[in-house]
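Residues per chain, in single letters:
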Amino acid sequence: TTLGEGFDASDPPTRRPQDSRGAALGEPIVVGDSVIYLHSKRKKLMGTYYKDSFDRLGAQDLTLPADHISTAKIKGITWQEEPHSIAWCHMDDGTFAGLTIQPEEKVQAWHSHRLGGSFVSGGVTSHAHVESMATIPTSEGGDDRVHLIGKRTINGATVRSVEVLTPYRELGDDLRDAWYVDAGLKYSGNTDPAKLITFAGTG
């Protein structure tokens, strides 16, 4: 290897610690010029920033303004850049939350969510659980879709399903498509409005 011009071999570069707070296992996400990652205790979401006065990187607790969001430990995060710049987190208790963040506009807002349905474990019934999340761009490249693994108890059995968060409604979209439910199915085979579809039975 050839040393670059101006490199002094007698004074090699050294590594300098930037922040003493640790990180948990799990893939971080990059938002602009910041890296967002899980704190080592998995109760906080951390974001790096540049400390100009000290010429070094620092880390800030992004959950501080809404620390009630992460009462359960965070299992993982995924980044949905389009259309609204959201870092999605799924928790150990099966809930999930989003952090809408735009650093350049100083926007940072948390919102918590639960899946519909129920999950029974050890005789205790709770909401349906989110086991994992991932973001996949659409084939058209217009936006990103958040996919998740939902876990429910149905007819006494544990059932897992791949679910996709409904796209956000945009101006000009057909109002008949503006439906937001948990694990919903939509029938679109009948295009004749004069015909009715009758469902028999219950459940």
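Residues numbered from 1 in each chain as written. Predicted model: local features only at pLDDT ≥ 70, side-chain atom pairs only at ≥ 80, totals over all residues. Heavy atoms only, no water.

(A) Up close: the layout of surface pockets. Of the voids in this model, the second largest pocket is the one considered here, and its volume is about 260 Å³. Contributing to the lining of the second largest pocket are 15 residues, with Ser34, Thr48, Gln60, Ile101 and Pro103 lying nearest its centre. Residue assignment for the lining of the second largest pocket shows that the elements contributing at least two residues are β2 (34-38), β3 (45-51), β4 (56-61) and β8 (107-113). Of the residues assigned to the lining of the second largest pocket, the class counts are eight nonpolar, five polar and two charged. (1 Å grid on protein atoms, 1.4 Å probe; cavity = no way out; pocket = protein on both sides within 12 Å on 5 of 7 lines; lining within 4 Å. Points joined across faces, edges and corners; volume = space filled by probe spheres on them. Helix = DSSP H or I, 4+ residues; strand = E, 2+ residues; numbered from the N terminus. Nonpolar A, V, L, I, M, F, W, Y, C, P; charged D, E, K, R; others polar.)

(B) Layout of the side chain of arginine 152. Among the secondary structure elements, arginine 152 is positioned in strand β11 (residues 144-154). For arginine 152, a relative accessible area of 9% puts it in the buried group. Within the structure, arginine 152 has its side chain in polar contact with the side chain of glutamate 163 (distance 2.5 Å). (Buried < 20%, exposed > 50% of the residue type's maximum accessible area, 1.4 Å probe, protein only. Polar contact = N/O pair within 3.5 Å; in protein donor to acceptor, adjacent residues only side chain to side chain.)

(C) Expanded view of the side chain of histidine 90. Turning to its location among the elements, histidine 90 is positioned in strand β6 (residues 86-91). Under the relative-accessibility criterion, histidine 90 is labelled buried at 8%. Aside from chain neighbours lying at most four places away, what touches histidine 90 is Ile74, Lys75, Gly76, Thr95, Phe96, Val130, Glu131, Ser132 and Met133. (Contact = heavy atoms within 4.5 Å.)

(D) Seen up close, the environment of histidine 68. When you line up the elements, histidine 68 lands in the loop between β4 and β5 (74-80). Residue histidine 68 is classed as exposed on the basis of its relative accessible area, which comes to 56%. For histidine 68 and serine 112, which are 44 residues apart along the polypeptide, the C-alpha to C-alpha distance reads 9.7 Å.

(E) Molecular detail of the pattern of salt bridges. Under the counting rule described, the total for this entry stands at five salt bridges. The partner of arginine 160 in a salt bridge is glutamate 131, with the nearest N and O atoms 2.6 Å apart. Residue arginine 160 is located in strand β12 (residues 157-164), and its partner glutamate 131 is located in strand β10 (residues 124-137); the two are separated by 29 residues in the primary sequence. With its nearest N and O atoms 2.5 Å apart, the salt bridge here joins arginine 152 to glutamate 163. Taken together, the positions of arginine 152 in strand β11 and glutamate 163 in strand β12 put the pair eleven residues apart, joining distant regions of the chain. (Salt bridge = Lys/Arg side-chain N within 4 Å of Asp/Glu carboxyl O.)

(F) Geometry of the pairing of β8. Examined bridge by bridge, strand β7 (residues 96-102) and β8 share seven bridges and lie antiparallel to one another. From the neighbouring strand, glycine 98 faces β8, where its bridge partner is histidine 111. The turn linking β7 back onto β8 is made up of four residues, and lysine 106 within it adopts a positive phi angle of 60°. (Pairing = 2+ DSSP bridges.)

(G) Structural detail: the sheet that holds β5. Spatially, β5-β6-β7-β8 is the arrangement adopted by the four strands of the open sheet, whose pairing is antiparallel. Of all strands in the sheet, those with a lone pairing partner are β5 and β8, marking the two edges. Looking at each pair of strands side by side, their axes are set apart by 20° on average, direction ignored. In terms of strand pairing, β5 meets β6 through six bridges, oriented antiparallel. The residue bridging glutamine 80 from the neighbouring strand is isoleucine 86, located in β6. (Axes fitted to C-alpha atoms, helices over the stretch in contact; angles between N-to-C directions.)

(H) Looking closely at the sheet that holds β10. On the basis of which strands lie adjacent, the open sheet formed by four strands has the order β9-β10-β11-β12 and antiparallel pairing. Edge positions in the sheet fall to β9 (115-121) and β12, since each of these pairs with one other strand and no more. The average undirected angle you get between the axes of adjacent strands in this sheet is 30°. Strand direction decides the pairing type here: β10 and β11, joined by eight bridges, are antiparallel. Opposite serine 132, over in β11, you have isoleucine 149 as the bridge partner.

(I) How the structure looks around the nonpolar core. Core analysis: the largest hydrophobic core is formed by 20 residues, its most contacted members being Ile36, Leu45, Ile77 and Trp110. For this core, the secondary structure elements donating two or more residues are β1 (29-31), β2, β5, β6 and β7. Once residues within four sequence positions are removed from consideration, isoleucine 36 is found in contact with Pro28, Ile29, Val31, Leu45, Met46, Gly47, Leu62, Ile77 and Ile101. Formed by nine residues, the second largest nonpolar core is a distinct cluster that contains Leu115, Ala128, Met133 and Leu148. (Core = buried A, V, L, I, M, F, W, Y, C linked by side-chain atoms within 4.5 Å.)

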